[in-house]
Amino acid sequence: MPRYLWQVTYSPEGAKGLLSEGGTARRDAITQMVESVGGTVESCYFALGGRDLFVIGDVPDDVAAAALGIRTAASGAARSESVVLLTPEQVDDAVRRDAEYRAPGS
C-alpha cells in the first residue's frame, strides 16, 4: 500500500476548530477519515512553522489519497499537500530500472 506524508496547513476557521476540539480529537478525526478509504495512520504530529500538522499513513492508491485531499480542501478548514514516500528498497528497485534520459542541451 502506498505511504504518504500529508502536510497540512489550517485556515483561520480550522485553527478555531482546533482550539475548541484539541489535538487528540483532531488526530482521531484524521485517523477515522484515512480509515474510511481503507488506510491507516502511522503518526500524526502538530508543528510550529510553515505547516501546522504532519501525518504519515498508508492508503490503497492515489485515488484514495486524492479523495482525502479533495475532502480536506472542500471543508475550507485546511489545505493538505500529499507527498508519496518510498522505502529504501523501493529506491533500490528504482535505480535498477532502465529509463532513457537525455539531459537538456545534450
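Going by the structure above, here's the rest.
Fair warning: this is a prediction, and the values are worked out from it, not measured in the lab. Per chain, residues are indexed from 1 in the order of the written sequence. Predicted model: local features are reported for residues with pLDDT of at least 70 only, side-chain atom pairs are reported and counted for 80 or more only, and whole-chain, interface and lining totals are derived from all residues. Water and hydrogen atoms play no part in the side-chain values, which are based on all heavy atoms of the structure.

Caption draft 1: View of the layout of surface pockets. A cavity here means a set of points on a 1 Å grid, drawn over the protein atoms and nothing else, where a 1.4 Å probe fits but cannot get out; a pocket is an open set with protein on both sides within 12 Å along at least five of seven lines, and a residue lines either one if it has an atom within 4 Å of a point. Grid points are joined across faces, edges and corners, and a volume is the space filled by probe spheres set on the points. The calculated volume of the largest pocket comes to roughly 340 Å³. For the lining of the largest pocket, the secondary structure elements donating two or more residues are strand E1 (3-10), helix H1 (12-21), helix H2 (23-36), strand E3 (53-58), helix H3 (62-75) and strand E4 (78-85). Helix and strand assignments follow DSSP, with helices taken as H or I runs no shorter than four residues and strands as E runs no shorter than two, numbered in order from the N terminus. Ranked by residue count, the leading element in the lining of the largest pocket is H3, at five residues. Class assignment of the residues belonging to the lining of the largest pocket gives a composition of twelve nonpolar, six polar and three charged. Three classes are used: nonpolar for Ala, Val, Leu, Ile, Met, Phe, Trp, Tyr, Cys and Pro, charged for Asp, Glu, Lys and Arg, and polar for all others, with Gly counted as polar.

Caption draft 2: Representation of the packing of aromatic side chains within the structure. A pair of Phe, Tyr and Trp rings is counted when the ring centres sit within 6.5 Å of each other, with Trp represented by its six-membered ring. The angle between the planes then sorts it: under 30 degrees is stacked, over 60 is edge-to-face, the rest tilted. Throughout the structure, instances matching the rule amount to one aromatic pair. Measuring from centroid to centroid gives 5.6 Å for Tyr 4 and Trp 6, while their planes differ by 20°, and the two rings are stacked. Neither residue differs from the other here; Tyr 4 and Trp 6 are each classed as buried. Partly exposed describes any residue whose relative accessible area lies between the buried limit of under 20% and the exposed limit of over 50%, with all areas from a 1.4 Å probe on protein chains only and scaled to the type maximum.

Caption draft 3: Region of interest: the sheet that holds E4. Paired strands, as defined in this entry, are two strands with at least two bridges between them according to DSSP. Reading across from one edge, E2-E3-E1-E4 is the order of the four strands in this open sheet, with antiparallel pairing throughout. Looking at the sheet topology across the chains shown, the edges are occupied by strand E2 (40-46) and E4. Each adjacent strand pair in this sheet contributes to an overall mean axis angle of 20°, direction not counted. Bridge count for E1 against E3 is six bridges, and the pairing is antiparallel. Of the residues in E3, the one forming a bridge with Trp 6 is Val 55. Axes, fitted as lines to C-alpha atoms, cover a helix only where it is in contact. Angles between the N-to-C directions of the axes lie from 0 to 180 degrees.

Caption draft 4: Region of interest: the nonpolar core. Buried residues of nine kinds, namely Ala, Val, Leu, Ile, Met, Phe, Trp, Tyr and Cys, make up a nonpolar core once their side-chain atoms join them within 4.5 Å. Counting residues in each nonpolar core, the largest one holds 14 residues, and the members touching the most others are Trp 6, Ile 30, Val 34, Leu 53, Val 55 and Val 59. For this core, the secondary-structure elements that each account for two or more residues are E1, H2, E3 and H3. The leading source of residues in this core is E1, at four residues. Trp 6 has contacts with Val 34, Leu 53, Phe 54, Val 55, Ile 56, Gly 57, Val 59, Leu 68, Ser 80, Glu 81 and Ser 82, leaving out every residue within four places of it along the chain. When checking whether two residues touch, look at their non-hydrogen atoms; a contact exists if any pair is within 4.5 Å.

Caption draft 5: Region of interest: the side chain of Ser 43. By the element assignment, Ser 43 lies in strand E2. Since its relative accessible area comes to 15%, Ser 43 is described here as buried. Residues within four places of Ser 43 in sequence aside, it is in contact with Phe 54, Val 55 and Ile 56.

Keep in mind these values describe shape, not function.
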